[in-house]
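What follows is each chain in one-letter form.
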Amino acid sequence: MSHSVIIAIETATEGCSVAVDTAHGVVERFVEAPREHSARLLPMLEEAMAEAEISSAQIAAVAFGRGPGAFVGVRLAASVAQGLCSAWQVPALPVSTLEALAAGAAREHGAARVIAALDARMGQVYWGAYSLADGQLMEAESAEAVADPEQLAAGIYGGISGRDYFGVGRGFAAYSHLLPRPRAGLAADSLPRAEDLLPRARSLLAAGQAVAPDQALPVYLREGV
């Protein structure tokens, strides 16, 4: 069975990244450059595709971080994914940015149970709890949410405070005075990366759950954004 080439883009936070998933491995570009995502994203993608020796004709789908995250960043990823999918006539693969953050904790730190948290501004965090299923995919233990740090600290969704989780994401850094250090460790400076969209993207594509370009929609979590 031939390998399906997937392009992934993630711009929901301060980090801007792209990844090309090929039969020979993943080629990624990542930069932390707030307010420069729109200028950097497509040149980074062109560079990664050139290094991977991949042309647009070989691409099977485009994965993107659908949020939650910064409004402008989430909207950028969705709109670029729509444009690329329309131009290349391929489907889209929306993936939770929080799940990608959790998948990065599994990849980098070997974490099996993760609380992913991003700074949502306005004194709140975007967060979700995840566990590694079959050693491959991060599965959500509850619906991703926006909440006050005190609510997350209290473990209002499923008694989180009583379990051994690894914490990841800058929500922990922004509210370190309110959020206790998770028992299994903490990577408070981590940002979601495009390569960590790929495990879920591969699963969605294999299951026939890709969507049409006009259904490549952002998820903000906040009402009325």
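What counts as what
Residues numbered from 1 in each chain as written. Predicted model: local features only at pLDDT ≥ 70, side-chain atom pairs only at ≥ 80, totals over all residues. Heavy atoms only, no water. Salt bridge = Lys/Arg side-chain N within 4 Å of Asp/Glu carboxyl O. Helix = DSSP H or I, 4+ residues; strand = E, 2+ residues; numbered from the N terminus. Buried < 20%, exposed > 50% of the residue type's maximum accessible area, 1.4 Å probe, protein only. Phe/Tyr/Trp six-rings, centres within 6.5 Å; stacked < 30°, edge-to-face > 60°. Pairing = 2+ DSSP bridges. Axes fitted to C-alpha atoms, helices over the stretch in contact; angles between N-to-C directions. Contact = heavy atoms within 4.5 Å. Disulfide = S-S within 2.5 Å. Expected span 1.5 Å × (residues − 1). 1 Å grid on protein atoms, 1.4 Å probe; cavity = no way out; pocket = protein on both sides within 12 Å on 5 of 7 lines; lining within 4 Å. Points joined across faces, edges and corners; volume = space filled by probe spheres on them. Nonpolar A, V, L, I, M, F, W, Y, C, P; charged D, E, K, R; others polar.

**Student:** Sorry if this is basic, but what is going on with the pattern of salt bridges here?
**Tutor:** For side chains bearing opposite charge, pairing can occur when the charged atoms are close. A full pass over the atoms with the stated rule returns 18 salt bridges. As a salt-bridge pair, E141 and R113 come within 3.2 Å of each other at their nearest N and O atoms. You can see E141 sitting in the loop between strand 8 (137–140) and strand 9 (145–147) and its partner R113 sitting in strand 6 (residues 113–121), a full 28 residues away along the chain. Residue R200 is joined to E139 by a salt bridge in which the shortest nitrogen-to-oxygen separation is 3.2 Å. Taken together, the residues span a long stretch of sequence, with R200 in helix 6 (residues 198–206) and E139 in strand 8 at a distance of 61 residues. Judged by relative accessible area, R200 falls into the buried class, the value being 15%.

**Student:** Any chance you could explain the packing of aromatic side chains here in plain terms?
**Tutor:** In this description, a pair of aromatic rings is defined by centroid distance and the angle of the planes. Taken as a whole, this structure holds one aromatic pair when the rule is applied. Measuring from ring centre to ring centre gives 5.1 Å for F71 and Y220, while their planes differ by 40 degrees; the resulting arrangement is tilted. Of this pair, F71 sits in helix 2 (residues 71–88) while Y220 is found in the segment after helix 6, placing the two residues 149 residues apart along the sequence. Under the relative-accessibility criterion, F71 is labelled partly exposed at 34%. What makes Y220 buried here is its relative accessible area of 18%.

**Student:** It is not clear to me how the sheet that holds strand 5 (residues 92–95) should be interpreted in this structure. Could you clarify?
**Tutor:** Pairing between the strands of a sheet comes from backbone hydrogen bonds, and it takes one of two forms, parallel or antiparallel. The strand order across the open sheet formed by five strands is 3-2-1-4-5, and the pairing between neighbours is mixed. Sheet topology places strand 3 (25–32) and strand 5 at the edges, where each strand pairs with a single neighbour. Between one strand axis and the next, the sheet turns by 15 degrees as a mean value, whatever way the strands run. Sheet analysis places strand 4 (residues 59–65) next to strand 5, joined by four bridges and oriented parallel. Each residue of the ladder has a partner; that of V62, found in strand 5, is A92. Relative to strand 4, helix 2 is tilted by about 170 degrees, and along the sheet it contacts strand 1 (5–10), strand 4 and strand 5.

**Student:** Just checking my understanding: could you explain the side chain of R170 for this structure?
**Tutor:** Following the sequence through the fold, R170 ends up in helix 5 (residues 170–174). Non-local contacts of R170, meaning those with residues more than four positions away in its chain, are made with E14, E32, A117, D119, A188, D189, S190 and L191.

**Student:** Any chance you could explain the state of the cysteines here in plain terms?
**Tutor:** In total, this model carries zero disulfides according to the counting rule given. Free cysteine C16: the closest other cysteine sulfur is in C85, separated by 17 Å. A relative accessible area of 1% means that C85 is categorised as buried.

**Student:** Would you take a moment to explain helix 2 for this structure?
**Tutor:** Because each turn of an α-helix spans 3.6 residues, side chains separated by three or four positions end up pointing in the same direction. Taking 1.5 Å per residue, 18 residues should reach 26 Å; helix 2 reaches 26 Å between its end C-alpha atoms and fits that length. For helix 2, the full list of buried residues reads G73, V74, L76, A77, A78, V80, A81, L84 and C85. At its buried positions, helix 2 is contacted by strand 1, helix 1 (37–52), strand 4 and strand 5.

**Student:** How should the layout of surface pockets be read in this particular structure?
**Tutor:** Picture a little ball the size of a water molecule; that probe, rolled over the atoms, points out where space is still empty. Roughly 580 Å³ of internal volume is contained in the largest pocket. Around the largest pocket, the lining comprises 26 residues; the ones closest to its centre are A12, T13, A70, F71 and G73. Broken down by secondary-structure element, the contributors of at least two residues to the lining of the largest pocket are helix 1, helix 2, strand 6 and helix 5. In terms of residue class, the lining of the largest pocket is made up of 13 nonpolar, six polar and seven charged.

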